[in-house]
Amino acid sequence: MDVRGTVAPGFEAVRDAFVRNFEQRGERGAAVALYRHGRKVVDLWAGTRDVDGREPWAVDTVQVVRSAGKGVAAAVPLLLHQRGQVDLDAPVGTYWPEFKANGKERVLVRHLLAHRAGLAALDVALTPEEAADQVSGPRAVAAQRPQWEPGTDHGYHAQTYSWLIGELVRRVTGRTIGRWIAEEIARPLGLDFWFGLPDDEAHRIGRIGPVEPPPAEGGGALRVRPKRSVVEAYGDPASLTRRAFGAIDPFPDENDPGYRAAELPASNGIATARGLARCYAAMIGEVDGERLFAPATLTLARTEESAGPDRVLVVSTRFGLGYMLHGPAAPLLGPGSFGHPGRGGSLGFADPESGIALGYVTNGLQKGVTADPRAQALVRAVRSSL
């Protein structure tokens, strides 16, 4: 395996795990980056740019990272709160009056971030074109009646998160969330990260697609049979699980240039591994003179808001304000870690106690939502290096 990039002394185990992902866990093309205390210590890439191609992954290759982008999107309302522009305990309708319809008068901003708004699904799914037009999605969630009493329980807002968070940001700032991130986060930090891939960057993106993991007896990761309740939830078209992930129907072609150019913060973040890692590094400390979160904001991001059985994912999950927290469903580095996986593989997170920030990006999408075996192998390698 021709692995490119650099590894600082002491982190060789991360490179070894990255290589084994290709040899044993079905990796096609991927990159991993690691920061510690604001300094980049791992920056590796290998394989092919396209999941179904032969062109090598380049130093500047970017990929759709699906829900791993939610962690960057969540930073926006938290930063607006930090700047005094958003009250996390205010009703969403304070900023977005139309949202108050159908029993949502007491939905708070923090409910959106912690997946407690009761708006995980839509009664009528949106087409891919409607999902991307920046009008139909916000209108649909504003009119939607909650699936449970807001604030009383949690369930992963897999797709509706796009329009809930995106429209809140637009109402407060007058800018789309993609533009806000480009101007206020990506540009100052020098990040390769977008919601809405610019035309002049489109030549850098690779194709993503499903891949089957190798069988466990071939040396791959241990396969764990999903609980029957999980299988049934994903298999039942009427379940909240299927409806939440199916809020856009038919499922978009994620390699279509139009989809990549859309701003869907729940699902179509586009990034390099180092872009994800550098963003999380700036959430927990200074990176080349730039820092995102003040200490109080960092505390908000990783203080538990939701825990227990997830109405959508079925398994037990933990969320802070916008971030998944370390736990059995989403194992990160340690108890204080926070971040977000992307369905199929990609991952970004930070661990303030160790000063670690990790970004992992792949073009080969394996089954699973929160604990991809390739990402977990990298996390274990980081843990062994500390």
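Preceding block: the structure.
Residues numbered from 1 in each chain as written. Predicted model: local features only at pLDDT ≥ 70, side-chain atom pairs only at ≥ 80, totals over all residues. Heavy atoms only, no water.

Draft legend 1. Structural detail: the environment of Ala8. Residue position: Ala8 is located in the loop between strand E1 (4-7) and helix H1 (12-24). Sequence separation between Ala8 and Leu197 is 189 residues; the distance between their C-alpha atoms is 31 Å. Not counting residues within four places of it along the chain, the set of residues in contact with Ala8 comprises Arg39 and Val41. (Helix = DSSP H or I, 4+ residues; strand = E, 2+ residues; numbered from the N terminus. Contact = heavy atoms within 4.5 Å.)

Draft legend 2. Local environment of helix H12 (residues 295-302). Burial in H12 covers these residues: Thr297, Leu298 and Ala301. Burial along H12 is one-sided: seen end-on, the buried residues are contained in an arc of 100 degrees. Residues of H12 that are exposed and point more than 90 degrees away from the buried face comprise Pro295 and Ala296. On its buried side, H12 packs onto helix H2 (70-82), helix H11 (273-284), strand E10 (324-325) and strand E11 (338-341). (Buried < 20%, exposed > 50% of the residue type's maximum accessible area, 1.4 Å probe, protein only. Arc of directions from axis to C-beta.)

Draft legend 3. Local environment of the sheet that holds strand E4 (residues 63-66). Read across the open sheet, the three strands follow the order E4-E7-E5; overall the sheet is antiparallel. Edge positions in the open sheet fall to E4 and strand E5 (193-194), since each of these has one partner strand only. Here E5 pairs with strand E7 (residues 269-271) via two bridges, running antiparallel. Paired with Trp194 across the strands is Ile270, a residue of E7. (Pairing = 2+ DSSP bridges.)

Draft legend 4. Looking closely at the pairing of strand E9 (residues 316-319). Burial of E9 is one-sided: the residues Thr317 and Phe319 facing one way are buried, the residues Ser316 and Arg318 facing the other way are not. Pairing analysis gives four bridges linking strand E8 (residues 306-309) to E9, with the strands arranged antiparallel. Considered in E9, the bridge of Ser306 is made with Phe319. Counted along the chain from E8 to the antiparallel partner E9, the turn is six residues long, and its residue Val314 has a positive phi close to 75 degrees.

Draft legend 5. Representation of the nonpolar core in the model. Ranked by internal contacts, the top residues of the largest apolar core, which has 77 residues, are Ile185, Met283, Phe293, Tyr323 and Phe338. Looking at which element gives the most residues to this core, the answer is H11, with nine residues. Discounting chain neighbours no more than four positions away, the residues touching Phe293 are Ala75, Leu78, Leu79, Gln82, Ala282, Met283, Leu298, Ala301 and Tyr323. Membership of the second largest hydrophobic core comes to 27 residues, among which are Val3, Phe11, Val41 and Val42. (Core = buried A, V, L, I, M, F, W, Y, C linked by side-chain atoms within 4.5 Å.)

Draft legend 6. Representation of a negative patch on the surface. On the surface, Glu129, Glu130, Asp133, Asp253 and Asp256 cluster together into a patch of negative charge. Checked against the element boundaries, Asp253 lands in the loop between helix H9 (240-245) and helix H10 (257-261). (Patch = residues over 30% accessible without salt bridge, like charges linked within 9 Å, V, L, I, M, F, W, Y side chains within 5 Å. Areas by Shrake-Rupley, 256 points an atom, 1.4 Å probe, with all protein chains shown as cover. Salt bridge = Lys/Arg side-chain N within 4 Å of Asp/Glu carboxyl O. Lys, Arg positive; Asp, Glu negative; His and termini not counted. Charge placed at Lys NZ, Arg CZ, Asp CG, Glu CD.)

Draft legend 7. Structural context of the packing of H2 against H11. In the contact formed by H2 and H11, the axes pass within 10 Å of each other and the chain directions differ by 35 degrees. Considering how the two elements wind past one another, H2 and H11 form a crossing that is left-handed. When H2 is examined against H11, the residues Gly71, Val72 and Ala75 are found in contact with a partner set consisting of Leu276, Cys279, Tyr280 and Met283. For the contact of H2 with H11, the class distribution of residues is six nonpolar, one polar and no charged. (Axes fitted to C-alpha atoms, helices over the stretch in contact; angles between N-to-C directions. Left-handed = near helix turned anticlockwise from the far one by under 90°. Nonpolar A, V, L, I, M, F, W, Y, C, P; charged D, E, K, R; others polar.)

Draft legend 8. Spatial organisation of the pairing of strand E12 (residues 347-351). Here E12 lies mainly inside the structure; five of its five residues are buried. Residues Leu347, Phe349 and Asp351 of E12 are buried on one face, and the alternating residues Gly348 and Ala350, pointing to the opposite face, are buried as well. Taken together, the four bridges between E11 and E12 define a ladder with antiparallel strand orientation. The partner of Gly339 across the bridge, within E12, is Phe349. In this structure, the hairpin formed by E11 and E12 is closed by a connection of five residues, where Gly344 is found at a positive phi of approximately 105 degrees. Relative to strand E13 (residues 356-362), E12 runs antiparallel, the two sharing five bridges. Considered in E13, the bridge of Phe349 is made with Leu358. Hairpin connection, E12 to E13: the antiparallel pair is bridged by four residues, and Gly355 has positive phi, about 75 degrees.

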